[in-house]
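Architecture and fold: a report
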Amino acid sequence: MGSTTDPSAEVPAGAEVLYEDTEAGVDDLLPIRRLEISDHGKGFVELLGQLSPCPAISKADFCSRFAELASLGDDHVICVIEDPSTGRIVATGSVFVEKKFLRGCGKVGHIEDIVVDGVARRRRLGQRIVMYLTEHARKAGCYKVILDCTAELRAFYEKCGFVEKNVQMAMYFHR
């Protein structure tokens, strides 16, 4: 995975800002694109279920949420990789841009919901998704991009240029 450090950015020691993948391979030919309405029928929701519980979503509910998120423009991007041989979505992730008052009205990118289909893992698709989302956050003017992960995924995200920082806390509301 190619990486470059941007000396002008405020980046914690040891962190890298990733720009592009310079080691092309077969799976690098699979394009990363934004989520489309038709992805409901291509296994998108089922793929998310490999990450966290995700019950079936009706086409109407999918379309409603899709429109809601699309109205946010570049402040919320969901990207996917579709396997052309199967027509199924095999990788996805999202980034949303939080607008802050801190750092002179700065912005922070939050990467979420990175998942690669079990049959498509170990093909660098996850790294490509993370790089795509990281680059989107950089181009949107974010001063940093953050994500939460399990301890088991720490090494993966370190390969993507992330460094461990602070502690994540959560409070879940059960419906």
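Right above here is the structure, for reference.
Since this is a predicted model, take the numbers as computed values, not measurements.

1. Some details on the overall build of the protein chain
Along its length, the protein chain carries 5 helices and 5 strands. Starting at the N terminus, the α and β elements of the protein chain follow one another as β-α-α-β-β-α-β-α-β-α. Put simply, the protein chain has 175 residues, and 36% of those count as buried. When contacts within the protein chain are restricted to residue pairs at least 6 apart in sequence, long-range pairs at least 24 apart make up 60% of them.

2. A short note on the pattern of salt bridges
Side-chain pairs of opposite charge can arise where the charged atoms are in close proximity. Applying the stated rule across the entire model yields 11 salt bridges. Between R33 and E82 there is a salt bridge, with its nearest N and O atoms 2.7 Å apart. Taken together, the residues R33 in strand β1 (residues 32-34) and E82 in strand β2 (residues 76-83) connect sequence positions 49 residues apart. Relative accessible area serves as the criterion here: at 19%, R33 is assigned to the buried category. K139 is the partner of E135 in a salt bridge, and the nearest nitrogen-oxygen pair spans 3.8 Å. Pair noted here: E135 and K139 are both in helix α4 (residues 125-139), with a separation of 4 residues, about one helical turn. What you see here is one network of salt bridges that share partners, running through R33, E36, D39, K42 and E82.

3. A short note on unusual backbone geometry
Of note, the phi angle at R122 is positive, near 70 degrees, even though the residue is not glycine. Inspection of the secondary structure assignment puts R122 in the loop between β4 (107-116) and α4. Its identity as a non-glycine residue notwithstanding, R124 has a phi of 70 degrees, on the positive side. Position of R124 among the secondary structure elements: in the loop between β4 and α4. With a relative accessible area of 26%, R124 lands in the partly exposed category.

4. As for the nonpolar core
I81, I111, L125 and I129 are the most contacted members of the largest nonpolar core, which totals 23 residues. If you list the elements that add at least two residues to this core, you get β2, β3 (88-99), β4 and α4. Here this core takes 5 residues from α4, the largest share from any one element. Not counting the four nearest positions on each side in its chain, I81 is found in contact with L30, P31, I32, R88, I89, V90, A91, L125, R128 and I129. Counting 10 residues, the second-largest nonpolar core is a separate cluster that includes L35, L48, V80 and I89.

5. Focus on the environment of D117
By secondary structure assignment, the location of D117 is in the loop between β4 and α4. Distance in space between the C-alpha atoms of D117 and F44 is 10.0 Å, their sequence separation being 73 residues.

6. So, the packing of aromatic side chains
The full count for this structure, using the stated rule, is 4 aromatic pairs. Ring centres 6.4 Å apart and planes at 25 degrees place the aromatic pair F62 and F66 in the stacked group. Residue F62 and its partner F66 are both found in helix α2 (residues 59-70); the two are separated by 4 residues, about one turn of the helix. Measuring from ring centre to ring centre gives 4.8 Å for F156 and Y157, while their planes differ by 75 degrees; the resulting arrangement is edge-to-face. By relative accessible area, F156 is classed as partly exposed at 23%. On the basis of relative accessible area, Y157 is assigned to the buried category, the value being 8%.

Criteria and thresholds
- Residues numbered from 1 in each chain as written.
- Predicted model: local features only at pLDDT ≥ 70, side-chain atom pairs only at ≥ 80, totals over all residues.
- Heavy atoms only, no water.
- Helix = DSSP H or I, 4+ residues; strand = E, 2+ residues; numbered from the N terminus.
- Buried < 20%, exposed > 50% of the residue type's maximum accessible area, 1.4 Å probe, protein only.
- Contact = heavy atoms within 4.5 Å.
- Salt bridge = Lys/Arg side-chain N within 4 Å of Asp/Glu carboxyl O.
- Core = buried A, V, L, I, M, F, W, Y, C linked by side-chain atoms within 4.5 Å.
- Phe/Tyr/Trp six-rings, centres within 6.5 Å; stacked < 30°, edge-to-face > 60°.

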